[in-house]
Each structure stands twice: as structure tokens, then as C-alpha cells.
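Fold and geometry: a report
What follows is each chain in one-letter form.
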Amino acid sequence: DFIKKHFGSREKIKYFISCGIGSNEQFSHLICAIHNTFGNALTRWIVIDSPADLKHLPKDADASNTLFFEMSRGGGTQETLKVMQFTWRRFPKRIVYANKGALKEKTLWLQEKQMQEGNEPSVLIRSLRLDIGGRLMRRKTPLLLALMYLAGMPKQDIDRYVEVTAKSDEILDFSRRED
């Protein structure tokens, strides 16, 4: 388990920073606000939309207490690439979802750099299934669910979100309505 290996326990993650979910980020902002208001008080979730948001990061956020999460399916989202460029030294513990492109290449480079320095890589790289879209497929998108899990949300709250979202999507599916 990545978290256990690099933090010892979830309780040591004081800050969880996510970046680069593109149009799906609208959903992470809402869930992030709910989490930070009503959820796990041990972990503060911060959503970064652009490099300008980095000035709002807590001063005590560092490698020992922060998990960074980045995503770009094609690996070329400029905001995500710039955020990584400005933060990889301060936050070496990262989970990155990229199928190809500059983000994946930079992440592989960071893994190699950590190994050359005699450290075990603290970067986990994953690919995204191509059949999973965004926007109204949010209940099926693993990224938002992964963010909820990584921020420390209880499984029953995540399951409830999936259930409510699925019902809402069914109600909003106008292709099934007769007029």
C-alpha cells in the first residue's frame, strides 16, 4: 500500500493536494469543501487549479505530511505540468495518473532521479482506462472516488455519493424520456 509505505499511516497525511482533473475538477471542489467542513479533520484537502493557487498552500505543508495527486489523461495539460514543475522538490510523494505525454515522462524522470539519489521512488504512476469519461460520468470516474478515498473519507460516505449521483444521473437522462 503506497500510503503505508511512504507515510506509515493515513493519519500522518495532514494535507492532500489534488491537481489536474480538468472539467471534472468542478466536482472535486464541491466534494473537497464538504470534506473539509464535515469530514476527516486529520487531512485537509486542497484543490489546485493553476500555478497561481500555489501561493495559498499552507507554510507547514512539506514532504513529511503532504500527498500530491496529479492527473492528465493525455499528459499535456499545461496547468498540471507547471504545478508539477514548481512543486516536485517540496512534495516528492505523489500519485500521478497519466497515460502518455509530458506528465508521464516527467513522473518517470522523477522516479529515476529518486533512485539515482539512493532513495526508493515515492511516486506512483497509474494509467486511466480509456472507456471512462468525465463530466456526467462522474460516478464512474475513478479519479474523484480516488480523491475522496485518499483524503480520508469514510467508505460509507463514498458509497453514498456514488448512489446519489447514479440516481441523479438517471433523473437527468433525457434520452429516456418520452415527449
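Shown above is the structure to which this text applies.
Note that the structure is a prediction, hence the values are computed from the model and not measured. (Residues numbered from 1 in each chain as written. Predicted model: local features only at pLDDT ≥ 70, side-chain atom pairs only at ≥ 80, totals over all residues. Heavy atoms only, no water.)

Side note on the nonpolar core
Heads up, the rule is: We define a nonpolar core as any set of buried Ala, Val, Leu, Ile, Met, Phe, Trp, Tyr and Cys residues linked to one another through side-chain atoms lying within 4.5 Å. Using a 1.4 Å probe on the protein chains alone, a residue whose accessible area is under 20% of its type maximum counts as buried, one over 50% counts as exposed, and one in between counts as partly exposed. Only DSSP runs of H or I with at least four residues qualify as helices, and only runs of E with at least two residues qualify as strands; both kinds are numbered from the N terminus onward. Whether two residues are in contact is decided by their heavy atoms: any pair within 4.5 Å suffices.
The biggest cluster of nonpolar side chains holds 23 residues, and the ones touching the most others in it are Phe16, Trp45, Leu67 and Phe69. Only α1 (2–7), α2 (25–38), β2 (44–48), β3 (66–71), β4 (94–97), α5 (142–150) and α6 (155–172) provide two or more residues apiece to this core. The dominant element in this core, judged by the number of residues it contributes, is α5, at four residues. Once residues within four sequence positions are removed from consideration, Trp45 is found in contact with Phe16, Ser18, Ser28, Ile31, Cys32, His35, Asn36, Leu144, Leu147, Met148 and Ala151. Membership of the second largest hydrophobic core comes to 11 residues, among which are Ile17, Ile48, Leu57 and Val83.

A short note on the environment of Arg10
Quick reminder of the rule: We define a polar contact as two N or O atoms separated by no more than 3.5 Å, with the added condition that, inside protein, one atom must be a possible hydrogen donor and the other a possible acceptor, whereas residues neighbouring each other in sequence contribute only through side-chain atom pairs.
Positionally, Arg10 belongs in the loop between α1 and β1 (15–19). Taking C-alpha positions, Arg10 is 7.5 Å from Gly152, a pair spaced 142 residues apart along the chain. Non-local contacts of Arg10, meaning those with residues more than four positions away in its chain, are made with Ile3, Thr43, Tyr149, Leu150, Ala151 and Gly152. Within the structure, the side chain of Arg10 is placed 3.0 Å from the backbone oxygen of Tyr149, a separation counted as a polar contact.

Notes on the sheet that holds strand β5 (residues 123–126)
Pairing between sheet strands relies on hydrogen bonds along the backbone, with the strands arranged either parallel or antiparallel. The condition is simple: Any two strands with at least two DSSP bridges between them are considered paired. Under this scheme, a helix contributes an axis fitted over its contacting stretch, all axes are lines through C-alpha atoms, and angles between N-to-C directions fall in the 0 to 180 degree range.
Read from one edge of the open sheet, five strands run β2-β1-β3-β4-β5, paired in parallel fashion. The sheet terminates laterally at β2 and β5, the two strands that pair on one side only. Neighbour-to-neighbour, the strand axes of the sheet open up by a mean angle of 15°, direction not taken into account. Where β1 and β2 come together, five bridges link them in parallel fashion. Looking across to β2, one finds that Ser18 is bridged to Val47. Those strands touched by helix α3 (residues 78–87) are β1, β2, β3 and β4, and its axis lies near 150° from that of β3. Sheet strands in contact with helix α4 (residues 101–116) are β3, β4 and β5, and its direction is about 145° off that of β5.

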